[in-house]
Amino acid sequence: MSVISSLRDALRLAAPPSAAHEEQLTAAALLILVAHADGRVLPVETDGLLVLLGSRFALAPEAARGLLDDAARLEAGIDPSTTLIERIIHDVPFEDRGPLLGLAYRVAAMDGTIHEFEDDLIWRTGRLLGFSDRDLAELKAEVLKDLQALPAHG
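Residues numbered from 1 in each chain as written. Predicted model: local features only at pLDDT ≥ 70, side-chain atom pairs only at ≥ 80, totals over all residues. Heavy atoms only, no water.

Q: Whenever I open this one, the pattern of salt bridges confuses me. Can you help?
A: Pairing between side chains of opposite charge can happen when the charged atoms of each approach one another. Summed over the entire model, instances satisfying the criterion amount to 7 salt bridges. Among the salt bridges present, the one from Asp111 reaches Arg40, with a minimum N-O distance of 3.3 Å. Placement of Asp111 in the loop between helix H6 (94–109) and helix H7 (116–128) and of Arg40 in the loop between helix H2 (19–36) and helix H3 (43–57) is noted, with a sequence separation of 71 residues between them. Of the residues examined, Asp111 reaches a relative accessible area of 16% and is grouped as buried. Residue Asp120 pairs with Arg124 through a salt bridge whose shortest N-O separation is 3.0 Å. (Salt bridge = Lys/Arg side-chain N within 4 Å of Asp/Glu carboxyl O. Helix = DSSP H or I, 4+ residues; strand = E, 2+ residues; numbered from the N terminus. Buried < 20%, exposed > 50% of the residue type's maximum accessible area, 1.4 Å probe, protein only.)

In structure tokens form, the structure reads like this:
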């Protein structure tokens with residue numbers, strides 16, 4: 001069973017499925033996959049996921065935490081990237097896919113470094129969604145420019 005299917009099944013108990021809910025679930029799964037891509041999840045990444053999910057989908061902090069807690073309990077038996085691409089194509093409107101990849105880059109950069117595994121995952125995802133190398137390079141540069149403009153914390 002894929003991460004998406006497991007996450008979807010876990011969350012259906014909490015809320016009836018809707019197009020908006022399916023989009024939230026798919027986006028959260030991509031962000032969680034990116035956060036785990038380098039083999040570790042720092043507290044700043046978990047906090048950042050909560051903020052990004054809450055902000056993107058107007059979720060209360062408890063709802064965003066519940067989404068992450070449900071995802072943490074899942075066991076991924078296979079690489080879910082191909083299934084995830086299918087879910088993004090199905091659940092995320094075309095015009096929202098670039099911003100979603102931008103969020104993925106934000107998650108990847110939260111620990112201060114975009115690791116090769118994270119960058120490759122986002123790049124492969126973008127290519128499978130039909131983005132060119134140039135589109136992805138511009139998207140990544142824009143996200144990094146925005147992140148560099150933010151004041152440093154801690």
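Q: I would appreciate a short explanation of the nonpolar core in the present structure.
A: Nonpolar side chains in soluble globular proteins tend to end up buried together. Counting residues in hydrophobic clusters, the biggest one holds 35 residues, and the most contacted among them are Leu30, Val34, Leu53 and Leu101. When contributions to this core are tallied by element, the ones reaching two or more residues are H2, H3, helix H4 (61–72), helix H5 (81–91), H6, H7 and helix H8 (133–149). Here this core gets 9 residues from one element, more than from any other, and that element is H2. With residues near it in sequence (within four places) discarded, Leu53 still touches Ala28, Leu31, Ala58, Leu59, Ala64, Leu67 and Leu68. (Core = buried A, V, L, I, M, F, W, Y, C linked by side-chain atoms within 4.5 Å. Contact = heavy atoms within 4.5 Å.)

Q: Explain the side chain of Glu118 to me, please; I cannot follow it from the model alone.
A: Checked against the element boundaries, Glu118 lands in helix H7. Among buried charged residues, Glu118 stands out as having no salt bridge; its nearest opposite-charge side chain is Arg40, 7.0 Å away. The contact partners of Glu118, leaving out residues within four places of it in the chain, are Val34, Ala37, Asp38, Glu45, Ala108 and Thr113. (Lys, Arg positive; Asp, Glu negative; His and termini not counted.)

Q: What is the right way to look at the packing of H3 against H6 in this model?
A: Think of two packed helices as two axes; the pair is described by the angle between the axes and how far apart they sit. At a minimum axis separation of 10 Å, H3 and H6 run at an interaxial angle of 160°. In terms of their interaxial angle, H3 and H6 are classed as roughly antiparallel. Where H3 crosses over H6, the handedness of that crossing is right-handed. On H6, the residues touching Glu45, Leu49, Leu52 and Arg56 of H3 are Asp96, Pro99, Leu100, Leu103, Arg106 and Val107. When grouped by side-chain class, the residues that make up the contact of H3 with H6 number 6 nonpolar, no polar and 4 charged. (Axes fitted to C-alpha atoms, helices over the stretch in contact; angles between N-to-C directions. Parallel < 35°, antiparallel > 145°, perpendicular 65-115°, else oblique. Left-handed = near helix turned anticlockwise from the far one by under 90°. Nonpolar A, V, L, I, M, F, W, Y, C, P; charged D, E, K, R; others polar.)

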